[in-house]
Amino acid sequence: MSRPSFSDLPAVFPDWSPYPDLESAARAYLRDPDIALDAMAGVLRGQSVLGFTLERFVNDVNGVWQEVVVCDGNRLILWHGEDIPPEEAPPGSMTSSLRVVALSAVTEVGCRRRISRNPNGTHRVDSVDVYLLLTSLDEANVAAEDAGSVIRHDALRFGKTLDDGGAGQIARLEEFARLVSSLVGKPML
């Protein structure tokens, strides 16, 4: 019996941007929505989801990589699922990780848009890159023993393009960035 290669995995997922609620969007977009939603439910415990963003990609090295980021007004809850290569674990194995970051740990929110102008004067957003700078330090740089290494703050990074997600997901990521921006620096209740 031969093992399936990662290129045999389905790479086409529907667009999640039309779905206003997390469960519908996750079920439309993720390969493993039950695993993600179950992990997040244990942390949310009935808290309202104010905003979210989703990401996934498929490649020949890591298989399917999936991410859900939720903001409940006080925290960012990040779920990450990633296939384990067949040479490292039985076929179909994956990791499921959960990370919770207090919004009080976000010190800066940045959003860069790439805009194209058409000859008729209209424009469109071709891509958006969002970063959330955190008070924690980047573990990779802290662990470096090189005396000349630069200590950097940890950051969460998200991006969407017309080719990777389309205009709807670009708009939803910008909406998520505006939500987090509106909450950063405010007293947490």
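See the structure above.
Structural notes, computed from the coordinates.

Scoring rules and cut-offs
Residues numbered from 1 in each chain as written. Predicted model: local features only at pLDDT ≥ 70, side-chain atom pairs only at ≥ 80, totals over all residues. Heavy atoms only, no water. Helix = DSSP H or I, 4+ residues; strand = E, 2+ residues; numbered from the N terminus. Buried < 20%, exposed > 50% of the residue type's maximum accessible area, 1.4 Å probe, protein only. Contact = heavy atoms within 4.5 Å. Areas by Shrake-Rupley, 256 points an atom, 1.4 Å probe, with all protein chains shown as cover. Pairing = 2+ DSSP bridges. Axes fitted to C-alpha atoms, helices over the stretch in contact; angles between N-to-C directions. Salt bridge = Lys/Arg side-chain N within 4 Å of Asp/Glu carboxyl O. Expected span 1.5 Å × (residues − 1). Parallel < 35°, antiparallel > 145°, perpendicular 65-115°, else oblique. Nonpolar A, V, L, I, M, F, W, Y, C, P; charged D, E, K, R; others polar. Lys, Arg positive; Asp, Glu negative; His and termini not counted. Arc of directions from axis to C-beta. Phe/Tyr/Trp six-rings, centres within 6.5 Å; stacked < 30°, edge-to-face > 60°.

Some remarks on the overall build of the protein chain
Thought 1: Looking only at helices and strands, the protein chain features four helices and seven strands.
Thought 2: When each of the 189 residues of the protein chain is scored for burial, the buried share is 39%.
Thought 3: Sequence separation of at least 24 residues holds for 56% of the intrachain contacts in the protein chain that already meet a minimum separation of 6.
Thought 4: Here the protein chain has roughly 10900 Å² of accessible surface; of this, 52% comes from carbon and sulfur atoms.

A word on unusual backbone geometry
Thought 1: At R45, a position not held by glycine, the phi torsion is positive, near 45°.
Thought 2: By secondary structure assignment, the location of R45 is in the loop between α2 (33–44) and β1 (51–59).

Observations regarding the sheet that holds strand β7 (residues 153–161)
Thought 1: Read from one edge to the other, the open sheet built from three strands follows the order β5-β6-β7, with strand pairing classed as antiparallel. The open sheet has two free edges, formed respectively by β5 (106–117) and β7, since each of these has just one partner strand. On average, adjacent strands in this sheet sit at an angle of 15° to one another, irrespective of strand direction.
Thought 2: Helix α4 (residues 166–183) contacts β5, β6 (123–137) and β7 of the sheet and is inclined by roughly 40° relative to β6.

A short note on the sheet that holds strand β3 (residues 75–83)
Thought 1: Ordered in space as β1-β2-β3-β4, the four strands form an open sheet in which the pairing is antiparallel. In the strand order of this sheet, the two ends are held by β1 and β4 (94–102), each with one partner. Adjacent strand axes in the sheet meet at a mean angle of 10° when their direction is disregarded.
Thought 2: Packed on one face of the sheet, helix α1 (residues 22–29) meets β1 and β2 (63–71) and runs near 10° to β1.
Thought 3: The strands touched by α2 within the sheet are β2, β3 and β4, with β3 carrying the most contacts at an inclination of about 155°.

As for the pattern of salt bridges
Thought 1: As enumerated under the stated definition, the model contains 10 salt bridges in all.
Thought 2: Via salt bridges that share partners, E23, R27 and D34 belong to a single interconnected network.

Quick word on α4
Thought 1: Taking 1.5 Å per residue, 18 residues should reach 26 Å; α4 reaches 26 Å between its end C-alpha atoms and fits that length.
Thought 2: Of all the positions in α4, only G166, Q169, I170, R172, L173, E174, F176, A177, L179, V180 and L183 are classed as buried.
Thought 3: Backbone geometry just downstream of α4 places G185 in the positive-phi region, at approximately 85°.

Quick word on the packing of α1 against α2
Thought 1: Across the interface, α1 lies against α2 with an axial gap of 9 Å and an inter-helix angle of 150°. Looking at the two axes, α1 sits roughly antiparallel to α2. Between α1 and α2, the contacting residues are L22, E23, A26 and R27 on the first element and P33, D34 and L37 on the second.
Thought 2: Residues belonging to the contact of α1 with α2 are distributed by class as follows: four nonpolar, no polar and three charged.

Description of the side chain of E67
Thought 1: Looking at the element boundaries, E67 is found in strand β2.
Thought 2: Of the side chains with opposite charge, R99 comes closest to the buried, unpaired E67, at an N-O distance of 7.9 Å.
Thought 3: Dropping the residues within four chain positions of it, E67 is found in contact with T53, L54, E55, L78, W79, H80 and F158.

Let's talk about α2
Thought 1: Compared with an ideal rise of 1.5 Å per residue, which puts 12 residues at 16 Å, α2 spans 16 Å between its outermost C-alpha atoms and is within 8% of the ideal.
Thought 2: Within α2, burial applies to P33, A36, L37, M40, V43 and L44. Summarising the axial view, the buried residues of α2 lie within an arc of 120°, below the 170-degree limit, and thus occupy one face. Looking at α2, the residues exposed on the side facing more than 90 degrees away from the buried face are D34 and D38.

Digging into the packing of aromatic side chains
Thought 1: Scanning the model with the defined rule gives four aromatic pairs in all.
Thought 2: For the ring pair W16 and F52, a centre distance of 5.7 Å and an interplane angle of 40° mean the geometry is tilted. Taken together, the residues W16 in the segment before α1 and F52 in strand β1 connect sequence positions 36 residues apart. F52 shares its class with W16; the two are buried.
Thought 3: Aromatic side chains F57 and W65 sit 5.0 Å apart centroid to centroid with 20° between the ring planes, which places their arrangement in the stacked category.

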